Amino acid sequence: MSPSPVLPDERLAAGAARLATSHRGRFCAETVQRVITDSYERLAATARVTTHLVVLAERLAAERLDALAHIEGAPGSGLPRVLFVCSHNAGRSQLAAALLAHRAQGHVTVSSAGTHPAAAIEPVVAQVLTEAGVPSAETAFPKPLTNEVVQAADIVITMGCGDACPVVAGRRYLDWPVADPEGAPIAVVRTIRDAIDAHITELLDSLPSTAC
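Residues numbered from 1 in each chain as written. Predicted model: local features only at pLDDT ≥ 70, side-chain atom pairs only at ≥ 80, totals over all residues. Heavy atoms only, no water.

Novice: Is there a simple way to think about the nonpolar core in this case?
Specialist: Nonpolar side chains tend to gather and get buried jointly when the protein is soluble and globular. Counting residues in each nonpolar core, the largest one holds 29 residues, and the members touching the most others are Phe-84, Leu-100, Met-159, Trp-176 and Ile-196. Of all the secondary structure elements, the ones that give two or more residues to this core are β1 (81-86), α4 (92-104), α5 (123-131), β3 (155-158) and α7 (186-205). In terms of residues, this core owes the most to one element, α4, which gives seven residues. Of all hydrophobic cores here, the second largest spans 21 residues; its members include Leu-19, Leu-56, Ala-69 and Phe-141. (Core = buried A, V, L, I, M, F, W, Y, C linked by side-chain atoms within 4.5 Å. Buried < 20%, exposed > 50% of the residue type's maximum accessible area, 1.4 Å probe, protein only. Helix = DSSP H or I, 4+ residues; strand = E, 2+ residues; numbered from the N terminus.)

Here's what the structure looks like:
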């Protein structure tokens, strides 16, 4: 595995510049650089292929900065924020995030993360989502659980990660006891997808601000 670049590495520096521009007046350049470098290092720790690592680090950093801005009270959309957490962020939490994002139609801010993120998403996950008419998870990737996304969430939904998820006062916590799709045949993964979708229906019914 290649060593993590140190800014001003031109690729990370370019990403940091883009993020700094989008958060001008909110975060200083040093904060943006710290978050994107930390994001790169976290992803590199589990990556098997590093070809797109800088791109993914920028995407992860963007999500973390958005969460941090929300925590600090920056003007935002005011949408309910839901975070799905499982151990590897490769199956259940990815299915749940994709299903909720699809069904909420922009009325919910959705994130997912893993307490011990895998190197890649389970290949069958994208397949069962496509079968259900949900945009595939081809561009999704396992993300580490960070304090910003937990603190920014209104609802944290755990899916088999036990006590590894930090608890923040004032958040609504739910636990969905859904089977792990890792290594399961596609027929079983379809039943897992449908079980998660049933939970999504209940969740949406509990969110009066979602017009779904």
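Now, onward.
Novice: Honestly, the packing of helix α1 (residues 10-22) against helix α2 (residues 29-44) in this entry has me stumped. Any pointers?
Specialist: The relative placement of two packed helices is expressed as an angle between their axes plus a distance between the axes. The contact between α1 and α2 brings their axes to 9 Å, and the two run at 130°. With respect to their mutual orientation, α1 and α2 come out oblique. Like other packed secondary-structure pairs, α1 and α2 cross with a definite hand, here right-handed. Of α2, the residues touching α1 (which contributes Leu-12, Gly-15, Ala-16, Leu-19 and Ala-20) are Val-32, Gln-33, Ile-36 and Tyr-40. (Axes fitted to C-alpha atoms, helices over the stretch in contact; angles between N-to-C directions. Parallel < 35°, antiparallel > 145°, perpendicular 65-115°, else oblique. Left-handed = near helix turned anticlockwise from the far one by under 90°. Contact = heavy atoms within 4.5 Å.)

Novice: Sorry, what's going on with the pairing of strand β2 (residues 109-114) here?
Specialist: Regular strands place their side chains on alternate faces of the sheet. Bridging between β1 and β2 involves six bridges; their strand directions are parallel. Bridge pairing in β2 places Cys-86 opposite Gly-114. Chirality of the crossover, the property in question, places the unit of β1, α4 and β2 among those that are right-handed. (Pairing = 2+ DSSP bridges. Right-handed = clockwise from strand over helix to strand, strands pointing away.)

Novice: When you look at the packing of aromatic side chains in this model, what are you seeing that I'm missing?
Specialist: To describe a pair of aromatic rings, you give the distance between the ring centres and the angle between the ring planes. A full pass over the atoms with the stated rule returns one aromatic pair. When the centroid spacing of 5.6 Å and the interplanar angle of 55° are considered together, the rings of Phe-84 and Trp-176 count as tilted. Linking Phe-84 in strand β1 with Trp-176 in the loop between β4 (172-175) and α7, this pair joins segments that are 92 residues apart in sequence. Comparing Phe-84 with Trp-176 shows no difference in burial state: the two are buried. (Phe/Tyr/Trp six-rings, centres within 6.5 Å; stacked < 30°, edge-to-face > 60°.)

Novice: Is there a simple way to explain the pairing of β3 in this structure?
Specialist: Along β3, one buried face is formed by Ile-155 and Ile-157 and the opposite face, lined by Val-156 and Thr-158, is buried too. Bridge count for β1 against β3 is four bridges, and the pairing is parallel. The residue bridging Val-82 from the neighbouring strand is Ile-155, located in β3. Of the pairings in the sheet, the one linking β3 to β4 comprises four bridges and is parallel in character. Counted as the bridge partner of Thr-158 is Asp-175 from β4.

Novice: Which parts of the structure should I look at to understand the packing of α2 against helix α3 (residues 53-71)?
Specialist: Where α2 contacts α3, the two axes come as close as 8 Å, and the packing angle between them is 125°. Taken together, the axis directions place α2 and α3 in an arrangement best described as oblique. Handedness of the crossing formed by α2 with α3: right-handed. Note on element contacts: α3 touches α2 through Leu-53, Val-54, Leu-56, Ala-57, Glu-58, Leu-60, Ala-61, Arg-64 and Leu-65, opposite Val-32, Val-35, Ile-36, Asp-38, Ser-39, Tyr-40, Arg-42, Leu-43 and Ala-44. For the contact of α2 with α3, the per-class residue count stands at 13 nonpolar, one polar and four charged. (Nonpolar A, V, L, I, M, F, W, Y, C, P; charged D, E, K, R; others polar.)

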